[in-house]
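Now for the letters of each chain:
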Amino acid sequence: MDYLSITGPSRLHGEVQISGAKNAALPLIAATLLSDEPCTVENVPQVADIKTLLKLFSKLGSKYIFEEHTLTIDNENITNTVATYDIVKTMRASILVLGPLLARFGRCEVSLPGGCAIGQRPIDLHLKALELMGANIDIKNGYVVATAPEGLKGARIIFDKITVTGSENIIMAAALAKGRSELINVAKEPEVVQLCEVLQEAGVNIEGIGTDELIIEGTEREPLKLSPFSIIPDRIEAGTYLCAAAITYGSVTLHNVRSDHLDAVTAKLHEAGCRIESEGASMTLYPAARLKSFEISTTEYPGFPTDMQAQFMALATQAEGVSIIEERLFENRFMHVSELQRLGASIHLKGHTATLNGPIQLLGADVMATDLRASSALVLAGLAASGTTNVHRIYHLDRGYEALHEKLKMLGAKLERLKE
Ligand code: EPZ
């Protein structure tokens, strides 16, 4: 197992290229199951979660070549529609094959993902919607066994809660269903929007893209012809580098970004005293004279993303005054609190709200990564801390940040990737 050894404090400076969005690439690769012809996807990030999904695709009988950031995938000869426990347990997003497999083949089995470090994370809304589309769903031996021998039918579905992968699964299912689906209270995240745009480009009639109500006319099981497309930039990776610049009082320019996807994040960085300038696909963060405290409440897009909560908590340790951070989406997404406290952070946790007093001079220590975004918060804190911070279990970081340690090194961070 590898760990990151960071010597701080350092001041980041320079330019960094942002990779394609993991959370857009996962559903879009799943969507290639809706086609029986080869399809090319550009700007795919080289991260562990993508490789895990491709391993699952190999087991399904898919053929692909993934070189640099280009994926060419051919799902003509899918021979198996079972997503087994050994893969799903390592990556919950494997559930994204449920909608497209069922829609195209009328049957599939997907291992139940179970809980994870950030909370319970049920999939009841995915299943309920598929049932409304005519699927029979059984839970057997830890698997969701879904059948729709006559194919799925369009339906009116009101999501009780906004769910990102739930919306994506049902959008993909509706694309091949018979007739019209009306989806209400759908997630509006940019990753969901890109999925709709790619399906629309393939000839699926979708109204309301970018809103919380979609009308989708299905192709009645006619496989799609997907044109080549490129994955949108990763807004969470971009936000993480902005925080890295801000926490070290550095100045960093990001390339290959969509600044419009980052409005809620940049608004908070402004509040903290930083200046951000955007031009085309680039944006530069200029440091605050003195970081100021802020308040955050996570919510669905276009609100402040839960996937940036941990990084802003690291930032709040360096901000003057009392910062308040409320997590509203996941019940247990505060695993980084105790690790930040090991570095000396002053954090009081009550229910879903963390209250921080800053600024605190953090001191390097050994800390343990618990999930993807929590891990990146520990790296940010390590950049600001004096002395050596060793972040253990960085396989979490490898799941979603492409070449994190190389990118940070290019920005002047002093860090090494070492073996335990
Ligand atoms: C997606 O997870 C992302 N993953 C997460 O990113 C992200 O944190 C999350 O959306 C919220 O933005 C991918 O896109 C692959 P949800 P997802 O369903 O879809 C409840 C990262 O670090 N819920 O939108 O699994 C659920 O428990 C990851 O990259 C139900 O109750 O999240 C949660 O409280 C981590 N029943 C809320 O909805 C359901 O059937 C939102 O979850 C589904 C969800």
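Only a predicted model underlies this, so the values are computations on that prediction, with no experimental measurement involved. (Residues numbered from 1 in each chain as written. Predicted model: local features only at pLDDT ≥ 70, side-chain atom pairs only at ≥ 80, totals over all residues. Heavy atoms only, no water.)

Caption draft 1: Region of the structure containing helix α1 (residues 22–31). Within α1, 9 of the 10 residues are buried, leaving the element largely enclosed by the surrounding structure. Residues of α1 that are buried include every one of Lys 22, Ala 24, Ala 25, Leu 26, Pro 27, Leu 28, Ile 29, Ala 30 and Ala 31, and no others. (Buried < 20%, exposed > 50% of the residue type's maximum accessible area, 1.4 Å probe, protein only. Helix = DSSP H or I, 4+ residues; strand = E, 2+ residues; numbered from the N terminus.)

Caption draft 2: Just the pattern of salt bridges, in detail. Enumeration over the complete set of coordinates arrives at 18 salt bridges. In this structure, Arg 417 and Asp 398 form a salt bridge, with 2.7 Å as the shortest nitrogen-oxygen distance. With Arg 417 in strand β24 (residues 414–419) and Asp 398 in helix α13 (residues 395–400), the pair connects residues that are 19 residues apart, well separated along the chain. Each of Asp 2, Asp 398, Arg 417 and Lys 419 takes part in salt bridges that share partners, so that together they form one network. (Salt bridge = Lys/Arg side-chain N within 4 Å of Asp/Glu carboxyl O.)

Caption draft 3: The sheet that holds strand β11 (residues 180–184), seen in detail. Strand order in the open sheet formed by 4 strands is β10-β11-β13-β12, and the pairing between neighbours is mixed. Where the open sheet ends on each side, the last strands, each with one partner, are β10 (156–158) and β12 (205–207). Here the strands of the sheet are splayed against their neighbours by 15° on average, with no regard to which way each runs. Examined bridge by bridge, β10 and β11 share 3 bridges and lie parallel to one another. Looking across to β11, one finds that Arg 156 is bridged to Glu 182. Set on the sheet, helix α6 (residues 164–176) makes contact with β10, β11 and β13 (213–217); between it and β13 the angle comes to about 30°. (Pairing = 2+ DSSP bridges. Axes fitted to C-alpha atoms, helices over the stretch in contact; angles between N-to-C directions. Contact = heavy atoms within 4.5 Å.)

Caption draft 4: Looking closely at the pairing of strand β8 (residues 136–140). Bridging between β8 and strand β9 (residues 143–147) involves 5 bridges; their strand directions are antiparallel. Note on β9: the bridge partner recorded for Ile 137 is Ala 146. Taken together, β8 and the strand that follows it, β9, pair antiparallel across an intervening segment of 2 residues, in which Asn 141 is found at a positive phi of about 50°.

Caption draft 5: Representation of empty space enclosed by the protein in the model. In this structure the tally under the stated criterion is 2 cavities of 30 Å³ or more. What lines the largest cavity is simply Thr 240, Tyr 241, Ala 244, Ser 376, Val 379, Leu 380, Leu 404 and Leu 408. When the residues that make up the lining of the largest cavity are grouped by side-chain class, the tally is 6 nonpolar, 2 polar and no charged. Taken together, Ala 187, Lys 188, Val 192, Val 193, Cys 196, Ile 209, Gly 210, Thr 211 and Leu 214 make up the lining of the second largest cavity. At 3 residues, helix α7 (residues 190–201) tops the list of elements feeding residues into the lining of the second largest cavity. Of the residues assigned to the lining of the second largest cavity, the class counts are 6 nonpolar, 2 polar and 1 charged. (1 Å grid on protein atoms, 1.4 Å probe; cavity = no way out; pocket = protein on both sides within 12 Å on 5 of 7 lines; lining within 4 Å. Points joined across faces, edges and corners; volume = space filled by probe spheres on them. Nonpolar A, V, L, I, M, F, W, Y, C, P; charged D, E, K, R; others polar.)

Caption draft 6: Geometry of the site of the ligand. Around the ligand, the surrounding shell holds 21 residues, and the nearest of these are Asp 124, Thr 163, Thr 165, Asp 307 and Leu 329. At 2.8 Å, a backbone N or O of Val 164 approaches an oxygen atom of the ligand. In this structure, Arg 373 approaches the ligand through a side-chain N or O atom, which is 2.8 Å from an oxygen atom. For the ligand, whose accessible area on its own is 830 Å², the fraction buried by protein is 90%. Listed by contribution, the elements that provide at least two residues to the shell around the ligand are α1, α5 (124–132), α6 and α12 (372–384). (Near = heavy atom within 4 Å. Polar contact = N/O pair within 3.5 Å; in protein donor to acceptor, adjacent residues only side chain to side chain. Areas by Shrake-Rupley, 256 points an atom, 1.4 Å probe, with all protein chains shown as cover.)

Caption draft 7: Just the side chain of Glu 402, in detail. By secondary structure assignment, the location of Glu 402 is in the loop between α13 and α14 (404–410). Within the structure, Glu 402 has its side chain in polar contact with the side chain of Ser 19 (distance 3.3 Å). Residue contacts for Glu 402: discarding those within four places in its chain leaves Ser 19, Pro 45, Gln 46, Val 47, His 69, Glu 237 and Lys 407.

Caption draft 8: Structural view of unusual backbone geometry. The step from Tyr 301 to Pro 302 runs through a cis peptide bond, and the omega angle for that step is 10°. In this fold, Pro 302 is placed in the loop between β18 (295–297) and α10 (309–316). Residue Pro 359 follows Gly 358 across a cis peptide bond; omega there is -5°. Summarising the element assignment, Pro 359 is placed in the loop between β21 (353–358) and β22 (366–368). Although it is not a glycine, Asn 141 adopts a positive phi angle of roughly 50°. Mapping Asn 141 onto the fold places it in the loop between β8 and β9.

Caption draft 9: Here's a closer look at helix α8 (residues 235–247). For α8, with 13 residues, the first-to-last C-alpha span of 18 Å sits near the 18 Å given by 1.5 Å per residue. A large share of α8 lies buried, amounting to 13 of its 13 residues. Sitting at the head of α8, Asp 234 places a side-chain oxygen 2.9 Å from the backbone nitrogen of Ile 236. Phi turns positive one or two residues past the end of α8, at Tyr 249, with a value near 55°. (Expected span 1.5 Å × (residues − 1).)

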